[in-house]
Amino acid sequence: MGKYVLQRIFYMALTLFIVISLTFFLMQLIPGSPFSTAAKLSDSQLAIMNAKYGLDQPLPVQYAMYMGNVLQGDLGVSFQFSNTPVTELIAGRIGPSLSLGLQAMIFGTIFGILLGIIAALRQNTWLDYGSTFVAVLGKSIPSFVFAAMLQYIIGVQLGWLPVAFWRGFEYSILPTIALSIFPISIAARFMRTEMIDVLGSDYITLAKAKGASGYEIAFKHAMRNALIPVVTVLGPLTVSLITGSLVVERVFAIPGLGEQFVTSINVLDYSVIMGTTILFASLFIFTVFVVDILYSIIDPRIRLSGGNN
Amino acid sequence: MNNILEVKDLNISFHTYAGEVQAIRGVNFELKKGETLAIVGESGSGKSVTTKSIMRLLPKSNSEIKQGSQILFDGKNLAELSDKAMEKIRGKDISMIFQDPMTSLNPTMKIGKQIAEPLIKHQNFSKAQAKQRALELLELVGLPNPEIRINQYPHQFSGGQRQRIVIAVALACNPKVLIADEPTTALDVTIQAQILDLMKDLQNKIDTSIIFITHDLGVVASVADRVAVMYGGKIVEVGTVDEIFYNSQHPYTWGLISSMPSIDTEDDELFVIPGSPPDLLNPPKGDAFAARNRYAMAIDQSEEPPMFKVSNTHYAATWLLHPDAPEIDPPEAVQRRRKQFPGNVTKGEK
């Protein structure tokens with residue numbers, strides 16, 4: 001296990017290095033420069049600005065400089081936010097995105113898995129159709145429509161919860177629900193299919209033959225076996241939720257990462273694009289790692305070992 | 001000997017898109033205390049459906065045990081019992097061993113826990129007691145190092161070992177009836193012999209009655225006291241092992257016996273029963289076997305034969321046993337066997 005983890009960390013670092021390099025060079029393919037959209041600058045002013053940020057150097061030199069800085073934990077400074085360090089920008093904005101994403105994920109998976117189990121146990125009854133309906137709605141209604149609906153009904157009409165802003169737990173409830181509808185529908189659909197599959201297997205018949213009740217069969221025998229494929233889809237989904245849903249953050253006026261990422265691409269804020277990409281990639285790689293560890297916990301047939309065994 | 005289980009006039013249908021499949025059409029048999037009854041027959045003859053219905057393990061959504069069917073156990077008709085009441089019987093009084101040990105254990109649960117489950121559920125054992133009993137059971141079914149093995153998962157065992165574990169699970173609560181649904185079919189021949197020996201040995205130790213489903217007559221000869229031959233959802237012949245092997249009366253049983261390879265004969269070709277099993281969506285009129293039976297008579301096409309009595313333990317459903325039926329010569333393999341049968345061959349009376 002220890003050897004496996006070390007090996008994985010090496011490969012994770014390698015992946016991250018490749019992602020950073022690729023993004024760095026791909027970004028150069030976007031026409032224009034960080035200063036081309038700003039107020040009109042004369043050629044000499046532009047040259048001064050480029051020299052100041054090192055953009056006049058040949059690309060390989062820029063790349064080497066950037067990599068050197070990244071290794072020291074320096075992600076550069078933002079062009080659009082008056083030279084604020086990127087690490088500071090991200091640190092200030094990751095909090096809301098992270099807690100909102102995690103809340104949505106935890107609520108969404110638990111609720112979705114339960115919904116899927118109920119649908120599988122009561123196959124072809126109104127409970128099953130109801131859960132399918134919820135899942136189809138969750139996948140087909142855009143989250144901003146759903147978010148606006150929640151704001152209007154629960155926030156405005158009923159007045160139970162605040163409509164927007166990020167000032168405490170009750171402010172996070174509506175955006176959490178809005179964001180979790182997608183993981184709910186994914187988890188519910190996968191769990192239903194897997195549960196129906198597992199419930200038809202021989203060992204479930206044997207469990208019945210042992211006298212196990214419906215509840216014991218579902219939760220002691222079937223659930224763990226059905227979870228394995230569900231974990232696969234939920235891993236990457238977690239990352240996309242944690243790193244912030246642009247739309248939901250916008251609608252609820254939450255100062256998160258998603259919004260920042262998109263605006264920095266629009267204005268070619270190189271270092272913010274790079275910084276956010278590094279963060280997203282790290283989170284993704286780490287989640288995949290966690291999912292693999294989860295597999296081995298859920299399924300004893302999967303043993304984690306170093307490459308030589 | 002008294003009967004521990006009686007099945008009377010069992011009728012089971014499956015509702016499919018094509019229509020109603022009459023899988024079991026009036027099955028009667030009894031299981032005596034301490035005996036092993038083998039149920040033999042080809043695929044689709046209704047062996048597994050019959051035994052699954054005893055455990056009430058048939059899918060609720062499309063199967064139906066018809067009104068009037070009786071599965072009498074311990075003074076109760078299992079066919080009419082509630083699901084909750086059935087849960088108390090399954091695994092405690094009646095338990096079951098399945099065909100494929102590779103898939104019948106939960107892959108994500110330690111085997112110790114799988115064995116302990118029925119003990120905790122039915123006998124109110126504490127976890128420690130259940131573990132102790134699980135260790136004894138593993139010892140009983142001949143699995144070495146039970147202390148280590150109990151904490152392992154099914155994938156860490158071979159097929160034969162897994163079937164031993166399944167047997168341990170089935171025997172955990174000392175059931176009165178053990179249903180073994182082709183327990184050796186998925187195992188290779190040497191392991192088959194070991195598992196059969198184990199089952200015979202355990203039957204003596206815990207005094208349970210066994211219903212043994214198989215399509216392997218060699219297995220039947222080595223384990224069974226009595227044999228019921230099923231065809232097309234009915235029992236067509238029932239008798240002691242000797243009666244079925246050495247004095248069979250039904251042409252279908254003749255076919256089964258003739259198609260058994262033997263080391264005594266020098267035949268190059270193995271006998272095959274021609275044709276295919278009847279369509280139970282539209283069961284044939286008369287004897288279901290008539291279409292494949294070269295001894296079939298006119299009456300077989302129109303009238304179903306009743307069970308004719310051959311001896312107190314031996315019955316067969318064929319018109320050939322009717323007093324008015326013509327004398328015929330059974331296949332050579334059957335004639336050869338009859339010479340070894342101690343009793344006289346007599347025509348039956350109804």
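Residues numbered from 1 in each chain as written. Chains lettered and ligands numbered in written order. Predicted model: local features only at pLDDT ≥ 70, side-chain atom pairs only at ≥ 80, totals over all residues.

### Describing the overall build of chain A
Next, step 1: Scanning chain A for helices and strands turns up twelve helices and zero strands.
Next, step 2: Ordered by position from N to C terminus, the α and β elements of chain A give α-α-α-α-α-α-α-α-α-α-α-α.
Next, step 3: Considered along the principal axes of its C-alpha atoms, chain A spans approximately 85 × 65 × 30 Å.
Next, step 4: Classification of the 309 residues of chain A by burial places 33% in the buried group.
Next, step 5: Once local pairs closer than 6 in sequence are excluded, the contacts in chain A between residues at least 24 apart make up 73%. (Helix = DSSP H or I, 4+ residues; strand = E, 2+ residues; numbered from the N terminus. Buried ≥ 20, exposed ≤ 12 C-beta atoms within 10 Å, placed from the backbone. Contact = placed C-beta atoms within 7 Å.)

### Section: the overall build of chain B
Next, step 1: Tallying secondary structure elements over chain B gives twelve helices and 13 strands in all.
Next, step 2: Whereas a compact globule of 350 residues would reach a radius of gyration of roughly 20 Å, chain B reaches 21 Å, a difference of no more than 12%.
Next, step 3: Based on the C-alpha atoms only, the size of chain B along its principal axes is roughly 70 × 50 × 40 Å.
Next, step 4: Partitioning the contacts of chain B with sequence separation of at least 6, the portion at a separation of at least 24 is 66%. (Rg over C-alpha atoms; globule rule 2.2 N^0.38 Å.)

### Here's the deal with the domain arrangement of chain B
Residue and element names in this part refer to chain B.
Next, step 1: Domain boundaries assigned for chain B yield domain 1 (3-224) and domain 2 (229-340).
Next, step 2: Centre-to-centre, using C-alpha coordinates, domain 1 lies 29 Å away from domain 2.
Next, step 3: Every contact between the two is made by 22 residues of domain 1 and, on the other side, 16 residues of domain 2.
Next, step 4: Elements supplying a minimum of two residues to the side of domain 1 that touches domain 2: strand E2 (19-32), strand E3 (36-40) and helix H8 (217-223).
Next, step 5: If one sorts the elements of the side of domain 1 that touches domain 2 by residue count, E2 sits on top with ten residues.
Next, step 6: Counted by class, the side of domain 1 that touches domain 2 contains eleven nonpolar, eight polar and three charged residues. (Domains from an automatic or database assignment. Nonpolar A, V, L, I, M, F, W, Y, C, P; charged D, E, K, R; others polar.)

### Looking at the packing of helix H8 (residues 202-209) of chain A against helix H9 (residues 214-242) of chain A
Residue and element names in this part refer to chain A.
Next, step 1: Relative to each other, H8 and H9 sit at 140°, their axes nearing to 11 Å. Judged by the angle between their axes, H8 and H9 are oblique. Crossing hand, H8 versus H9: right-handed. Of H9, the residues touching H8 (which contributes Tyr203, Ile204, Ala207 and Lys208) are Ile217, His221 and Ala222.
Next, step 2: Taken together, the residues that form the contact of H8 with H9 break down as five nonpolar, one polar and one charged. (Axes fitted to C-alpha atoms, helices over the stretch in contact; angles between N-to-C directions. Parallel < 35°, antiparallel > 145°, perpendicular 65-115°, else oblique. Left-handed = near helix turned anticlockwise from the far one by under 90°.)

### Some thoughts on the UniProt feature "domain: ABC transporter" (unreviewed entry) in chain B
Next, step 1: The positions that UniProt labels "domain: ABC transporter" (unreviewed entry) are, in the present scheme, residues 7-257 of chain B.
Next, step 2: With 39% helix and 26% strand, residues 7-257 of chain B has its two end C-alpha atoms placed 26 Å apart. (UniProt positions renumbered as here; feature names shortened; annotations may be inferred.)

### Regarding the packing of helix H4 (residues 86-121) of chain A against helix H7 (residues 169-199) of chain A
Next, step 1: Between H4(A) and H7(A), the least distance of the axes is 5 Å, while the angle of their chain directions is 35°. Taken as a pair, H4(A) and H7(A) cross one another with a handedness that is right-handed.

### Comments concerning the UniProt feature "transmembrane region" (unreviewed entry) in chain A
Residue and element names in this part refer to chain A.
Next, step 1: Feature annotation in UniProt assigns "transmembrane region" (unreviewed entry) to the following positions: residues 9-30, 100-121, 133-153, 173-191, 226-248 and 268-295.
Next, step 2: Within the segment residues 9-30, helix and strand shares are 86% and 0% respectively, and the terminal C-alpha atoms sit 32 Å apart.
Next, step 3: In residues 133-153, the share of helix is 90% and the share of strand is 0%. The end C-alpha atoms are 20 Å apart.

### Quick word on the interface of chain A and chain B
Next, step 1: On the side of chain B, 24 residues touch chain A, which itself brings 19 residues to the contact.
Next, step 2: Secondary-structure elements contributing two or more residues to the side of chain A that touches chain B are H8 and H9 of chain A.
Next, step 3: Among the elements that make up the side of chain A that touches chain B, the one with the highest residue count is H8(A) (seven residues).

### Section: the confidence of the model for chain A
Next, step 1: Predicted confidence across chain A gives a mean pLDDT of 85, with 96% of residues reaching 70 or more.
Next, step 2: Averaged pLDDT values for the elements of chain A fall to 79 in helix H11 (residues 257-266) of chain A and rise to 92 in H8(A). (pLDDT = per-residue confidence, 0-100.)

### Regarding the pairing of E2(B)
Residues and elements named next belong to chain B.
Next, step 1: Where strand E1 (residues 3-16) and E2 come together, eleven bridges link them in antiparallel fashion. Paired with threonine 16 across the two strands is glycine 19, which belongs to E2.
Next, step 2: Hairpin connection from E1 to E2: two residues lie between these consecutive antiparallel strands. (Pairing = 2+ DSSP bridges.)

### Regarding H11(A)
Residues and elements named next belong to chain A.
Next, step 1: Residues of H11 that are buried include every one of Leu257, Gly258, Gln260, Phe261 and Ser264, and no others. Along the axis of H11, the buried residues cluster in a sector spanning 165°; they form a single face.
Next, step 2: In this structure, the buried residues of H11 make contact with H4, helix H10 (246-251) and helix H12 (270-298).
Next, step 3: Of the residues trailing H11, leucine 268 is marked for its positive phi of about 55°. (Arc of directions from axis to C-beta.)

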